[in-house]
Amino acid sequence: MGELRDVFVTKGRDALIAALSQKAVVPASKSNVYLLADPSFAPVAGNLAAWPPSAKISVGWVEFRTRDGAPLLGAAAATLPDGSHLLVGRDIAELSRFTEKIKAAFVFCLLLIFALAVFASVAVTRRTVGRIEAVNATSRAIMQCGLGQRIPLRGTHDEWDELAANLNRSLDRIEELMEQVKQVSDNVAHDLRTPLARMRGRLEKAYHGEREAARDQSVIGEAIIELDGVLRMFASLTRISQIEANTPSTPLRPVNLFAIANEVVELFDAAAEESGVHLKVIGDPDVVAMGDRDLLFDAVANLVDNAVKHGRPKGQVSVEVKKSDGVSVVSVADDGPGIPLSEHQRVFQRFYRLERSRQSPGNGLGLSLVAAVALLHGARVELIDNAPGLIVRLKLHPSGELRPFNSEGAG
């Protein structure tokens, strides 16, 4: 349309008629239609016999048929400066057929997608139900046979395998905790049986004997001492439970670790001197960490108490405070027999003692309290061979952030 209008403007009406006559006979344009009409829409030139009635009242693009059953044509109409009318169009029946094919393909795709969705839904449902049934079967087996059962893994490493692995780890942890509860119950019974039996023997002897004020007072005093030991054990258990429940007595604040270590050394200095142990504190006086001062004091005190009691007689015990790689560290080192590597994790269990006969003083709760304090502070406890002896390191983040350490250890 633009090309023909330019011909009319630049060369005139006769040139436009010649151009239309030439285009009408080109074989490549047999599906195109051209028509030049006078102001009354009478045909002047082109390959269209008459001006379509719909183009007389329409502006721009029009669609029409030259006769019933003829191909559908689409054309653009315009009025030239001299009042003549120009129509340029083409057969759009092929486009209509292509549109129908697109519609048919779209419907087919929708049906195919629906069929695939149904198949996928059935497959996913069967797979999901199968994995859920595996979990249910394992749960029933656990209820009937105990915690030894585990959910089978298929090796697909998908979300279901990951869920099954996490549930299995949870069962491992529950089984471990149940075993610890059983062990704690056995140890509590063992540790209580001896003092209670002694108290009963003394009281029974006093009950059947004659009343003597001095002897009765002695029996009562010994019973009180035994009961104080039992009460201390239960107080330690209660304190560990409170710490593990994340209920510190005071909010975490910046505390000077060197000052805490120095106070602990002063507290145990007399006991160390009585045992012939040389006890000292060394390190950086300005090392600070976020924490509960009382709990950290108890943790360091338990470490020093263990080192003095179980270290070498007349040996060396040192408490070192330093900062290493941005981490605040309190280390307690002795030169005693140490702890075998195979026992490093077990010694943090409640009532666990290396001495199987349990004849020496103590109840095996010291390192359990240290581990609980470390857990509350996001810290880590490391046991390191001192060759000879043992080094126990309590590592805390100065900012008090509860993020894991990369090093190996307990806590």
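Parameters at a glance
- Residues numbered from 1 in each chain as written.
- Predicted model: local features only at pLDDT ≥ 70, side-chain atom pairs only at ≥ 80, totals over all residues.
- Heavy atoms only, no water.
- Helix = DSSP H or I, 4+ residues; strand = E, 2+ residues; numbered from the N terminus.
- Contact = heavy atoms within 4.5 Å.
- Areas by Shrake-Rupley, 256 points an atom, 1.4 Å probe, with all protein chains shown as cover.
- Buried < 20%, exposed > 50% of the residue type's maximum accessible area, 1.4 Å probe, protein only.
- Pairing = 2+ DSSP bridges.
- Axes fitted to C-alpha atoms, helices over the stretch in contact; angles between N-to-C directions.
- Phe/Tyr/Trp six-rings, centres within 6.5 Å; stacked < 30°, edge-to-face > 60°.
- Core = buried A, V, L, I, M, F, W, Y, C linked by side-chain atoms within 4.5 Å.
- pLDDT = per-residue confidence, 0-100.
- Salt bridge = Lys/Arg side-chain N within 4 Å of Asp/Glu carboxyl O.

Caption draft 1: How the structure looks around the overall build of the chain. Helix and strand counts for the chain stand at 9 helices and 12 strands. Once local pairs closer than 6 in sequence are excluded, the contacts in the chain between residues at least 24 apart make up 59%. Looking at the chain as shown, the accessible area adds up to about 24,600 Å², and 58% of this sits on carbon and sulfur atoms.

Caption draft 2: Quick look at unusual backbone geometry. The linkage connecting Ala387 with the following residue, Pro388, adopts the cis geometry, with an omega of 0°. Its place among the elements puts Pro388 in the loop between strand 11 (380-385) and strand 12 (390-396). The phi dihedral of Phe41 is positive, around 70°, even though this residue is not glycine. Taking the relative accessible area as the measure of exposure, Phe41 reaches 21% and is therefore partly exposed. Look at Ala387: it is not a glycine, yet its phi comes out positive at around 45°. Position of Ala387 relative to the elements: it lies in the loop between strand 11 and strand 12.

Caption draft 3: Just the sheet that holds strand 12, in detail. Reading across from one edge, 7-9-10-12-11 is the order of the 5 strands in this open sheet, with mixed pairing throughout. Both outer strands of the open sheet, strand 7 (278-283) and strand 11, are each paired with one neighbouring strand and no more. Sheet twist, expressed as the mean angle between neighbouring strand axes with direction ignored, is 15°. One ladder, built from 8 bridges, connects strand 9 (residues 316-324) with strand 10 (residues 327-334); its direction is antiparallel. Its bridge partner lying in strand 10, Val321 is registered against Val330. The sheet strands contacting helix 7 (residues 257-274) are strand 7, strand 9, strand 10 and strand 12, and the helix crosses strand 7 at an angle near 170°.

Caption draft 4: Layout of the packing of aromatic side chains. Considering all chains together, one arrives at 1 aromatic pair under this definition. An angle of 55° between the planes, with centres 5.3 Å apart, marks the rings of Phe41 and Trp51 as tilted. With Phe41 in the loop between strand 1 (32-37) and strand 2 (43-46) and Trp51 in the loop between strand 2 and helix 3 (53-57), this residue pair connects regions lying 10 residues apart in the sequence.

Caption draft 5: Inspection of the sheet that holds strand 5 (residues 85-91) at higher detail. Strand order in the open sheet formed by 5 strands is 2-1-5-4-3, with antiparallel pairing between adjacent strands. Each of the sheet's edge strands pairs with one partner strand only, and the pair in question is strand 2 and strand 3 (60-64). Across this sheet, the average inter-strand angle for adjacent strands is 25°, counted without regard to direction. With 5 bridges connecting them, strand 3 and strand 4 (residues 73-79) associate as antiparallel partners. Note on strand 4: the bridge partner recorded for Trp61 is Ala76. Along the sheet face, helix 1 (residues 2-11) touches strand 1, strand 4 and strand 5 and points at about 155° away from the line of strand 5.

Caption draft 6: Up close: the nonpolar core. Leu257, Val264, Leu296, Val304 and Leu394 are the most contacted members of the largest nonpolar core, which totals 45 residues. Elements represented by at least two residues in this core include exactly helix 7, helix 8 (293-310), strand 9, strand 10, helix 9 (366-376), strand 11 and strand 12. Ranked by residues supplied to this core, first place goes to helix 8 with 10 residues. Setting aside chain neighbours within four positions, we find Leu394 in contact with Leu296, Ala299, Ser328, Val329, Val330, Ala374, Ala379, Arg380 and Val381. In this structure, Leu4, Phe8, Leu20 and Leu86 belong to the second largest nonpolar core, which totals 12 residues.

Caption draft 7: Structural view of the confidence of the model for the chain. Considering every residue of the chain, the mean pLDDT works out to 80; 83% of them sit at 70 or more. Between residues 402-411, whose pLDDT stays under 50, and residues either more than four places distant or in other chains, the model counts 28 contacts.

Caption draft 8: Representation of the packing of helix 1 against helix 2 (residues 13-24) within the structure. Packing of helix 1 against helix 2 leaves a shortest axis separation of 7 Å and a crossing angle of 145°. Contacts between helix 1 and helix 2 involve Glu3, Leu4, Val7, Phe8 and Lys11 from the former and Arg13, Ala15, Leu16, Ala19, Leu20 and Lys23 from the latter.

Caption draft 9: Representation of helix 9. With 10 of its 11 residues buried, helix 9 lies for the most part within the structure. Of the residues making up helix 9, those classed as buried are Gly366, Leu367, Ser368, Leu369, Val370, Ala371, Ala372, Val373, Ala374 and Leu376. Looking one or two residues past helix 9, Gly378 carries a phi angle of roughly 65°, positive in sign.

Caption draft 10: Expanded view of the pattern of salt bridges. Scanning the model with the defined rule gives 12 salt bridges in all. For Glu3, the salt bridge goes to Lys23, with nearest N and O atoms at 3.7 Å. Within this pair, whereas Glu3 is found in helix 1, its partner Lys23 is found in helix 2, the two being separated by 20 residues in sequence. Judged by its relative accessible area of 24%, Lys23 is partly exposed. Linking Asp82 and Arg13 is a salt bridge whose minimum nitrogen-to-oxygen distance equals 3.4 Å. With Asp82 in the loop between strand 4 and strand 5 and Arg13 in helix 2, this residue pair connects regions lying 69 residues apart in the sequence. Overlapping salt bridges, with partners in common, bring together Arg150, Asp172 and Glu175 in one network.

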